[in-house]
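Given next are the chains, with one letter for each unit.
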Amino acid sequence: MDIAATTHDRILILDFGSQVTQLIARRLRESGVYCEVWPYNNAAPARIAAFNPRGIILSGGPASVTQGDSPRAPEEIFQIGLPILGICYGQQTLAAQLGGVVESGHAAEFGRAVVEVTAECALTHGVWSPGARETVWMSHGDRITVLPPGFRVVAQSEGAPFALIANDERRYYGTMFHPEVVHTPHGAALLRNFTHDVCGCTGDWTMGAYRAEAVARIRAQVGGGRVVCGLSGGVDSSVAAVLIHEAIGEQLTCIYVDHGLMRAGESAQVVATFRDRFNIKLVHVDAADMFLGALAGVTDPEVKRKTIGRLFIEVFEAEQGKIGGADFLAQGTLYPDVIESVSATGGPSVTIKSHHNVGGLPADMRMKLVEPLRDLFKDEVRALGFELGMPQEIVGRHPFPGPGLAIRIPGEVTRERADLLRRVDTIYLQEIRAAGLYDAIWQAFAVLLPVRTVGVMGDGRTYESACALRAVTSTDGMTADVYPFSMEFLTRVAGRIVNEVRGVNRVTYDITSKPPGTIEWE
Ligand code: XMP
């Protein structure tokens, strides 16, 4: 168990496989409560006792409590006297395990619903008043038909007579709706009442405290050893590097492998930020010739990715050999990468999400790993970056893929085409920033298409490349929606690109969501 867990109030979230379980954790963290997500079937009593939570939340899940072999919460949690909140499936298994009845076959409710508040309880105190009608987000097929002993109804909806239930004496609560999603407008406040008022958490999980603990933990782990960190210029590796540097100073060396497929000005910015501003030992390897040479004639997206990944490791290993090796390898692994996910059937098979990052170096480098961001969500990493005094341009930047511009140039990648794309991308991002839209967008970039189209400029005919613009909103990159720019914005950007970038004479806007599209084109 880590230090964060031993020094803060904490809540345990048992996951039954809902798509939105991580959002429970995020809402809790936002209100200053440390929490961890564990699979419901990997929560032995001794493990829970060692974690020593102040309360337990049972998540939603895709199974039906009415089926014999469906998942159940460990029986022991009902004997340790801790407050429990069951959400959706969690509410149903709570009810079923405590002597209530759950039935299927009633009208399902999916999406926005309205509940009528009929009473008050510690969860609703100061948030919902009796008699009010409140909006919530539901996603259920089954429902409770008989309450377990000791429970009463606090809110009801048309489809769920027991939309919010409470057992005040035992401090058990259940919601049929999902308070963790933003579509339940007062959901975060209800969760806060549970963690702060019912469980007694004080909200002591702050980035300032985390920074100090993380520094202590890195020092304890590394001792007098040497750490090497592959810096990509992205948010995660950047924050990890600055944090580790704060902990061990000169014992850290960062290696920035510049594959020549970064955006305009990016490499200079990385060097200026880390070497000049933060005084971090930084090896800047200009390997553009090597990468572009190896990519000559390659058009298959997977071959491109593999070529870049292989070279990246080769260059990194050579450079870290030059500095005399290291004992530890630092990585910017985040909490979503390490949460064990529960399989959709709720069965015992448990998988670990695989890390999807070309900067993720292979474990067979025989170095021990330092992963100081393992407890954090992306938004917490950003908060930590600001806490460490890092600039907005680094901390707030859009994700950028390890293979860089190579996967935004369908067909062969050449230096000329990379330069062309950089110029298009620069104009697009300048306009996005000028319009104040950068932070509202998860990721925006241009793609240089392997097609030439006919155009007319002045009195002349042009026959040049077409490009596509992409901008999406997302929370984690797993799904994405197209950003709804105004026509006025898009035509302004298109006008600038075609007029200012010789070699591009047509601009299109990609309006594909994910799924079925992916965010990147390759
Ligand atoms: P896709 O294209 O799969 O991308 O919808 C989802 C998110 O992941 C980023 N991405 C990568 N990031 N190495 C990375 O570090 C990669 O190889 C890679 N491929 C895609 C992509 O930019 C988006 O944010």
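Now for a description of the structure that goes with this document. (Residues numbered from 1 in each chain as written. Predicted model: local features only at pLDDT ≥ 70, side-chain atom pairs only at ≥ 80, totals over all residues. Heavy atoms only, no water.)

**Notes on the pairing of strand E14 (residues 281-286)**
For step 1, the next point in the chain: Sheet topology places strand E13 (residues 252-258) next to E14; 6 bridges connect them, and they run parallel. Paired with Cys254 across the bridge in E14 is Leu282. (Pairing = 2+ DSSP bridges. Helix = DSSP H or I, 4+ residues; strand = E, 2+ residues; numbered from the N terminus.)

**Notes on the nonpolar core**
For step 1, the next point in the chain: Membership of the largest hydrophobic core comes to 70 residues, with the highest contact counts inside it found for Leu58, Leu373 and Leu384.
For step 2, the next point in the chain: It is helix H7 (residues 235-248) that contributes the most residues to this core, 9 residues altogether.
For step 3, the next point in the chain: Beyond its immediate sequence surroundings of up to four residues, Leu384 is in contact with Met207, Tyr210, Arg211, Val239, Leu243, Leu373 and Leu376.
For step 4, the next point in the chain: Judged by nonpolar contacts, the second largest core, of 47 residues, contains Leu261, Phe312, Leu420 and Ile497. (Core = buried A, V, L, I, M, F, W, Y, C linked by side-chain atoms within 4.5 Å. Buried < 20%, exposed > 50% of the residue type's maximum accessible area, 1.4 Å probe, protein only. Contact = heavy atoms within 4.5 Å.)

**Structural notes on the packing of helix H9 (residues 288-295) against helix H10 (residues 301-322)**
For step 1, the next point in the chain: Taken N-terminus to C-terminus, the directions of H9 and H10 make an angle of 150°; their axes are 10 Å apart at the nearest point. In terms of their interaxial angle, H9 and H10 are classed as roughly antiparallel. Regarding H9 and H10, the two cross each other, and that crossing is right-handed. Touching Met290, Phe291, Ala294 and Leu295 of H9 are Lys304, Thr307, Ile308, Leu311, Phe312 and Val315, all from H10.
For step 2, the next point in the chain: Considering only residue class, the contact of H9 with H10 consists of 8 nonpolar, 1 polar and 1 charged. (Axes fitted to C-alpha atoms, helices over the stretch in contact; angles between N-to-C directions. Parallel < 35°, antiparallel > 145°, perpendicular 65-115°, else oblique. Left-handed = near helix turned anticlockwise from the far one by under 90°. Nonpolar A, V, L, I, M, F, W, Y, C, P; charged D, E, K, R; others polar.)

**A word on the pattern of salt bridges**
For step 1, the next point in the chain: Going through the model one piece at a time under the given rule, you end up with 24 salt bridges.
For step 2, the next point in the chain: Residues Glu520 and Arg408 are paired through a salt bridge, measuring 2.9 Å at the closest nitrogen-oxygen approach. In this pair, Glu520 sits in the segment after strand E22 (504-509) while Arg408 sits in the loop between helix H13 (392-395) and helix H14 (415-434), placing the two residues 112 residues apart along the sequence. One exposure class covers both Glu520 and Arg408, and it is buried.
For step 3, the next point in the chain: Linking Arg422 and Asp419 is a salt bridge whose minimum nitrogen-to-oxygen distance equals 3.1 Å. Placement of the pair is Arg422 and Asp419 together in helix H14, with a separation of 3 residues, close to one helical turn.
For step 4, the next point in the chain: Looking at Asp419, the relative accessible area reads 37%, which means it is partly exposed. (Salt bridge = Lys/Arg side-chain N within 4 Å of Asp/Glu carboxyl O.)

**Concerning the environment of Ile13**
For step 1, the next point in the chain: Relative to the elements of secondary structure, Ile13 occurs in strand E1 (residues 10-15).
For step 2, the next point in the chain: Note: C-alpha distance between Ile13 and Val37 (24 residues apart in sequence) is 4.7 Å.
For step 3, the next point in the chain: Those residues in contact with Ile13, other than ones at most four positions away along the chain, are Thr21, Ile24, Ala25, Leu28, Cys35, Glu36, Val37, Trp38 and Ile57.

**Focus: helix H2 (residues 21-30)**
For step 1, the next point in the chain: Most of H2 is tucked away: 7 of the 10 residues are buried.
For step 2, the next point in the chain: Those residues of H2 that fall on the buried side of the exposure criterion are Thr21, Ile24, Ala25, Arg26, Arg27, Leu28 and Arg29.
For step 3, the next point in the chain: Directly after H2, the chain includes Gly32, whose backbone phi takes a positive value near 85°.

**Some words on the sheet that holds strand E4 (residues 84-87)**
For step 1, the next point in the chain: Taken in spatial order, the 9 strands line up as E2-E1-E3-E4-E11-E10-E9-E6-E7 in an open sheet, and their pairing is mixed. In this open sheet, the two edge strands, each paired with only one partner strand, are strand E2 (34-39) and strand E7 (133-140). Adjacent strand axes in the sheet meet at a mean angle of 20° when their direction is disregarded.
For step 2, the next point in the chain: With 4 bridges joining them, E1 and strand E3 (residues 55-58) adopt parallel strand pairing. Counterpart to Leu14 in the pairing with E3 is Leu58.
For step 3, the next point in the chain: Against the sheet, helix H4 (residues 89-97) touches E3, E4, E7, strand E10 (164-167) and strand E11 (172-175), its axis set at about 120° to E4.

**Quick word on the environment of Ala50**
For step 1, the next point in the chain: Inspection of the secondary structure assignment puts Ala50 in helix H3 (residues 45-51).
For step 2, the next point in the chain: In the structure, Ala50 is positioned 400 residues away from Pro450 in sequence and 58 Å away in space, judged by C-alpha atoms.

**A closer look at helix H8 (residues 266-277)**
Since the α-helix turns once every 3.6 residues, residues separated by three or four places project in the same direction.
For step 1, the next point in the chain: Between its first and last C-alpha atoms H8 spans 15 Å; for 12 residues at 1.5 Å apiece the expected length is 16 Å, and the two agree.
For step 2, the next point in the chain: Every buried residue of H8 is listed here: Glu266, Ser267, Val270, Val271, Thr273 and Phe274. (Expected span 1.5 Å × (residues − 1).)

**Side note on the sheet that holds E13**
For step 1, the next point in the chain: Taking strand neighbours across the sheet as the criterion, the 5 strands line up as E14-E13-E12-E15-E18 in an open arrangement whose pairing is parallel. Two strands close off the open sheet at either side, each with one partner strand: E14 and strand E18 (368-370). Averaged over all adjacent pairs, the angle separating strand axes in this sheet is 25°, with direction ignored.
For step 2, the next point in the chain: Direction of pairing for strand E15 (residues 328-330) relative to E18: parallel, over a ladder of 3 bridges. Bridge pairing in E18 links Ala330 to Val370.
For step 3, the next point in the chain: In the packing of helix H6 (residues 207-222) onto the sheet, the strands contacted are strand E12 (227-230), E15 and E18, and the crossing angle to E18 comes to about 170°.
For step 4, the next point in the chain: Running at roughly 145° to E13, H10 makes contact with E12, E13, E14 and E15 of the sheet.

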